[in-house]
Amino acid sequence: MYSQRLFKLGDQASPIRELFNYGQEQARILGPDKVFDFTIGNPSIPLPDVLTEALEDIIKECDPVALHSYSVSAGHPSARKAVADNLNERFGTNYGPQNLYFTCGAAAALCATFAALTYDENSEFIALAPYFPEYHNFVETKGGKFVAVANAPDFRLNLEALEAAINPHTQAVIVNSPNNPSGKVYSEEEIKDLARLLERKSKEYNKPIYIVTDEPYRELVYGGLKVPFIPNYYRDTIVCYSYSKLYSLPGERIGYVLVPPELTDSESVYKAIAGAARTQGYVCAPVLFQRLIERYPDFPVDFSLYELNREKLSTSLKEIGYECVEPEGAFYLFLKAPSGDGSEFSKLAKEKNVLVVPGVGFGCRDYVRVSYCVPTERIERAMPLFAELYQASK
Ligand code: PLP
């Protein structure tokens, strides 16, 4: 006997992975230049040389037994202190190592946080569409309920719809900005309005309604845009962060949960997150990368390749006639299917070996997601095919 729910999750790859795997197979059969894969969010900028050298230095300088030993469950205190100091410097906060818990990327940070906040089987977690599809599985396998709320057509926060979805069982609202898949960055005004709404609802239900932020793209924004640091606007905010996309090392699995001291029941919530990490086997995130982060908590990466790709993709697609919301951050463009059916568009595109992800899994069935963390020439060579697809799908 085994869990049917988990069997299903293991048996079926996510639609993103399925298309990605298909692309890899087609590339083997037809040759890589015949396949236009825009599926997965694998960064295409290499890890900066400074960080590669730092990794080499760490390996050379440290005693190998000590270096590769278990850290304490939350991560080396000196590495957590380096991150806390860096956040304090950037955001004027007052965090210490006791507020941070290193995890295997944002995925583990979110899983531990959802598990910790699942008070009972009625606990609800709200995400605003479009949202990262895995939230649904992350929440529901921890025993909570996932609730999706539609945003405004331009993907600005839809506070009226959010308010209507909040009820006494609401434990948290998940905020992902810069957003995967829309590239939307919520403005300071939107965050202030959200904070006001949640303060009012928390008072009304006499319990904190948390914000759980999911921030793998925090620094990945264009045109000097500032991403509001949400704990500075709303005290009951838990931050789930990842270095996967900032440093282009998603396979190395390093991120953290930040539980600010101002949060209601901060120490207890931190302990519940530590307990969740313990029971899910997430203790002691990869130690080599903890050491890297200790040396470089905030290295300035050059994202000009993504900026160039964003420009090329969005300009060329709009010239063809497509509609899309201009991405302000991350490396995805959310494209409206000309027919209004993203799944049908994705299927048509697949026939031409153009691989784009249907929007239905992100909570928006009329869209597809195009990842532009790819070589620029792939975007250029794919444009005639996008033009044909536009005509075919109109
Ligand atoms: N959240 C969002 C919005 C993402 O796009 C991703 C990865 O693509 C994750 C979480 C998971 O990130 P990580 O690799 O840090 O686990």
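Residues numbered from 1 in each chain as written. Predicted model: local features only at pLDDT ≥ 70, side-chain atom pairs only at ≥ 80, totals over all residues. Heavy atoms only, no water.

A. Spatial organisation of the site of the ligand. The full set close to the ligand counts 13 residues, and A106, N180, D214, Y217 and S242 are the nearest of them. Y217 places a polar side-chain atom, nitrogen or oxygen, 2.7 Å from an oxygen atom of the ligand. Residue S244 places a side-chain N or O atom 2.9 Å away from an oxygen atom belonging to the ligand. Relative to its unbound accessible area of 390 Å², the ligand is 91% covered by the protein chains. Mapping the ligand onto the cavity grids shows that it belongs to the largest pocket. A total of 3 residues in the shell around the ligand trace back to one element, the largest contributor, which is helix α6 (residues 105–117). Classifying every residue of the shell around the ligand by side-chain character gives 5 nonpolar, 5 polar and 3 charged. (Near = heavy atom within 4 Å. Polar contact = N/O pair within 3.5 Å; in protein donor to acceptor, adjacent residues only side chain to side chain. Areas by Shrake-Rupley, 256 points an atom, 1.4 Å probe, with all protein chains shown as cover. 1 Å grid on protein atoms, 1.4 Å probe; cavity = no way out; pocket = protein on both sides within 12 Å on 5 of 7 lines; lining within 4 Å. Sits in = over half its atoms within 2 Å of the grid points. Helix = DSSP H or I, 4+ residues; strand = E, 2+ residues; numbered from the N terminus. Nonpolar A, V, L, I, M, F, W, Y, C, P; charged D, E, K, R; others polar.)

B. The arrangement of the sheet that holds strand β12 (residues 367–371) in detail. Taken in spatial order, the 3 strands of this open sheet run β9-β12-β11, and their pairing is antiparallel. Every other strand in the sheet has two partners, leaving β9 (332–336) and β11 (357–358) as the edge strands with one partner each. Relative to β12, β9 runs antiparallel, the two being bridged by 5 bridges. Bridge pairing in β12 places L333 opposite V370. On the sheet, helix α13 (residues 342–351) packs against β11 and β12 and is oriented at approximately 50° with respect to β12. (Pairing = 2+ DSSP bridges. Contact = heavy atoms within 4.5 Å. Axes fitted to C-alpha atoms, helices over the stretch in contact; angles between N-to-C directions.)

C. Broad picture of the pairing of strand β3 (residues 124–129). Burial runs high along β3: 6 of the 6 residues are buried. Where burial is concerned, the two faces of β3 agree: the one with E124, I126 and L128 and the one with F125, A127 and A129 are both buried. Two strands pair when backbone bridges link them, and β3 and strand β4 (residues 145–150) are joined in this way by 6 bridges, in the parallel orientation. The partner of I126 across the bridge, within β4, is V147. Handedness of the β-α-β unit built from β3, helix α7 (residues 134–140) and β4 comes out right-handed. Examined bridge by bridge, β3 and strand β5 (residues 170–175) share 4 bridges and lie parallel to one another. Across the sheet, residue A127 finds its bridge partner in β5, namely I174. (Buried < 20%, exposed > 50% of the residue type's maximum accessible area, 1.4 Å probe, protein only. Right-handed = clockwise from strand over helix to strand, strands pointing away.)

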